[in-house]
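Now for the letters of each chain:
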Amino acid sequence: MSVLTQLATVSVNCADPVALAAFYQKATGWQLADSGEDFAALSAGPAGPGLAFVRVPADRTPNWPEDAPSLHLDFTVADLPQAVAALLALGAGRPDFQPGGDGWTVLTDPEGHPFCLVPASV
């Protein structure tokens with residue numbers, strides 16, 4: 001018996017939900033579905049689960065890779081070098097530690113949460 005049928009949203013704890021949602025909205029093109037002082041959410045539409053950002057007052061910026069997160073986001077991209085350049089221009093960071101070699105690239109969002117870019121299969 002399946003009780004959970006579809007993942008609806010992935011929530012990210014952060015210091016500034018509105019600013020972080022704006023970064024991911026520019027990066028993904030997803031629609032802003034909800035926003036307030038302590039919460040912001042993006043909708044991917046029928047493409048998949050959305051992203052929510054929740055203010056956590058004691059949240060601290062992770063230090064990748066020493067503070068390995070218990071969860072991170074992976075995004076598929078058509079052109080890895082182009083996607084890396086575009087995201088860096090939006091305010092992402094590129095840590096020195098890159099465990100994926102040519103298989104994927106780790107970036108960090110403006111609050112320091114790591115996320116990976118994975119080339120789309122050809």
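Whatever comes next refers back to the structure up there.
Residues numbered from 1 in each chain as written. Predicted model: local features only at pLDDT ≥ 70, side-chain atom pairs only at ≥ 80, totals over all residues. Heavy atoms only, no water.

### A look at the overall build of the chain
A count of helical and extended segments in the chain gives two helices and seven strands. Taking 2.2 N^0.38 as the reference for a compact globule, 122 residues should give roughly 14 Å; the C-alpha atoms of the chain span a radius of gyration of 15 Å, in line with that estimate. The principal-axis extents of the C-alpha atoms in the chain amount to approximately 35 × 35 × 30 Å. Within the chain, contacts between residues separated by at least 24 positions form 53% of all contacts whose residues are at least 6 apart in sequence. In the form shown here, the chain has an accessible surface area of approximately 7500 Å², with 55% of it arising from carbon and sulfur atoms. If you average the places of the 4 positive and of the 13 negative side-chain charges in the chain, the two averages end up 4 Å apart. (Helix = DSSP H or I, 4+ residues; strand = E, 2+ residues; numbered from the N terminus. Rg over C-alpha atoms; globule rule 2.2 N^0.38 Å. Contact = heavy atoms within 4.5 Å. Areas by Shrake-Rupley, 256 points an atom, 1.4 Å probe, with all protein chains shown as cover. Lys, Arg positive; Asp, Glu negative; His and termini not counted. Charge placed at Lys NZ, Arg CZ, Asp CG, Glu CD.)

### Considerations on the environment of Gln31
Structurally, Gln31 is set in strand β2 (residues 31-35). Along the backbone, Gln31 and Ala41 are ten residues apart, and their C-alpha atoms lie at a distance of 8.5 Å. Look past the residues within four positions of Gln31 in its chain and what remains in contact with it is Gln25, Ala41, Leu42 and Ser43.

### Concerning the sheet that holds β2
In spatial order, the strands read β1-β4-β3-β2; together these four strands make up an open sheet with mixed pairing. Bordering the open sheet on either side are β1 (9-14) and β2, each of which pairs with just one other strand. Taken pair by pair, the neighbouring strands of this sheet meet at an average axis angle of 20°, ignoring direction. Across four bridges, strand β3 (residues 39-43) lies against strand β4 (residues 50-55) in antiparallel orientation. (Pairing = 2+ DSSP bridges. Axes fitted to C-alpha atoms, helices over the stretch in contact; angles between N-to-C directions.)

### Here's the deal with the nonpolar core
Grouped together as the largest cluster of nonpolar side chains are 22 residues, with contacts concentrated most on Tyr24, Phe53, Phe115 and Leu117. For this core, the secondary-structure elements that each account for two or more residues are β1, α1 (17-28), β3, β4, β5 (73-77), α2 (80-90) and β7 (114-119). Setting aside residues up to four positions removed in sequence, Phe115 forms contacts with Phe23, Tyr24, Leu73, Phe75, Leu87, Ala92, Thr105, Val106, Leu107, Thr108 and Asp109. (Core = buried A, V, L, I, M, F, W, Y, C linked by side-chain atoms within 4.5 Å. Buried < 20%, exposed > 50% of the residue type's maximum accessible area, 1.4 Å probe, protein only.)

### Comments concerning the pairing of β7
Sheet topology note: the β5/β7 ladder contains five bridges and is parallel. When the bridges of β7 are listed, Thr76 appears paired with Val118. Connecting the antiparallel pair strand β6 (residues 105-108) and β7 is a turn made up of five residues, with Gly112 showing a positive phi of about 95°.

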